[in-house]
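Listed below are the residues making up each chain.
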Amino acid sequence: MQRLDKVLFRDSRAWVCGQAAGTVLEVGVGTGLNLPHYPSDVRLTGIDLSPAMIRAAQERATRLGLDADLRVGDAEHLDLPDASVDTVVCTFSLCGIPDDRRAVDEMVRVLRPGGRLLLADHVASSVAPLRLVQRMTEWVSIPIGGEHFRRRPLDHVLAAGLEVERRERFALGIVERLVARKPTT
């Protein structure tokens, strides 16, 4: 993953996490690759479906001297009250969550009105031949590892009624990152 960060995803982790504020939920915290990029004043909770990933993230947090609540959790069924967090972060995880629409809906549910959803993921390329390669790759990646290459989280964010404040695509349109805000009314 660190090689992909340098070559393809560039500064996306710092871009996303640097905008987090207040009470933050990271969905799909994995091994904690985002942990060094958060501002020091956030109150961070991170969830991941894998206990092994959570252990690795806890070790990373300890090495970094961070106080974070890292726990096993399901992105499709977040164990948090409605409107309980200021910021939700999800980087390079929606591609592997079985029901990505349900996961986005859950992220929106736990966001306070005016709260921000910060996402980065690989998506369907804006270049047709590359989309074909992504589609062919999915013939293997989805059955073996549940990895989708052509999803568009933006569609779910818009369908959930969030207001997109900023959106960027790069690397032949393969990487998309966005900031969306939950309306206050």
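Details of the structure are given in the entry above.
Residues numbered from 1 in each chain as written. Predicted model: local features only at pLDDT ≥ 70, side-chain atom pairs only at ≥ 80, totals over all residues. Heavy atoms only, no water.

### Description of the side chain of H148
Convention followed: Strands are runs of DSSP state E lasting at least two residues, helices are runs of H or I lasting at least four, and both sets are numbered from the N terminus onward. For the purposes of these results, a polar contact is taken to be a pair of N or O atoms within 3.5 Å, where, inside protein, one atom must be able to donate a hydrogen and its partner to accept one; residues adjacent in sequence count only when each atom of the pair is a side-chain atom. By definition in these notes, contact holds between two residues if any of their heavy atoms fall within 4.5 Å.
Inspection of the secondary structure puts H148 in the loop between α5 (128-145) and α6 (153-159). Within the structure, H148 has its side chain in polar contact with the side chain of R151 (distance 3.1 Å). Look past the residues within four positions of H148 in its chain and what remains in contact with it is C95, H122, E138 and I142.

### Side note on the nonpolar core
Our working definition: Definition used in this section: a nonpolar core is a set of buried Ala, Val, Leu, Ile, Met, Phe, Trp, Tyr and Cys residues joined via side-chain atoms within 4.5 Å. Burial classes: relative accessible area under 20% of the type maximum marks a residue as buried, over 50% as exposed, and values in between as partly exposed (1.4 Å probe, protein chains only).
Among the nonpolar cores identified, the biggest contains 24 residues, and A20, V24, Y38, V89 and V175 are the most heavily contacted of them. Put simply, the parts of the chain that give this core at least two residues each are α2 (12-17), α3 (51-64), β5 (111-122) and β7 (175-181). Within the second largest apolar cluster, 23 residues are counted, among which are L78, M107, L119 and A180.

### Points about the pattern of salt bridges
Note the cut-off: Note on definitions: salt bridges are taken to be side-chain nitrogens of Lys or Arg within 4 Å of carboxyl oxygens of Asp or Glu.
Within the structure shown, the criterion is met by 13 salt bridges. For R109, the salt bridge identified is with D82, shortest N-O distance 2.6 Å. Of this pair, R109 sits in helix α4 (residues 100-110) while D82 sits in the loop between β3 (69-72) and β4 (85-91), and the two are 27 residues apart along the sequence. Put simply, D11, R166, E168 and R177 are held in one network by salt bridges that share partners.

### Brief notes about the pairing of β3
So the rule is basically this: Here the rule is simple: two strands pair whenever DSSP picks up at least two bridges between them.
In this sheet, β3 lies alongside strand β2 (residues 43-48) in parallel orientation, the contact comprising four bridges. Bridged to I47 within β3 is R71.

### Regarding α4
Restricting attention to buried positions, one finds in α4 the residues D100, A103, V104, E106, M107, V108 and V110. Looking at the buried positions of α4, the neighbouring elements they touch are β1 (23-27), β4, β5 and α6.

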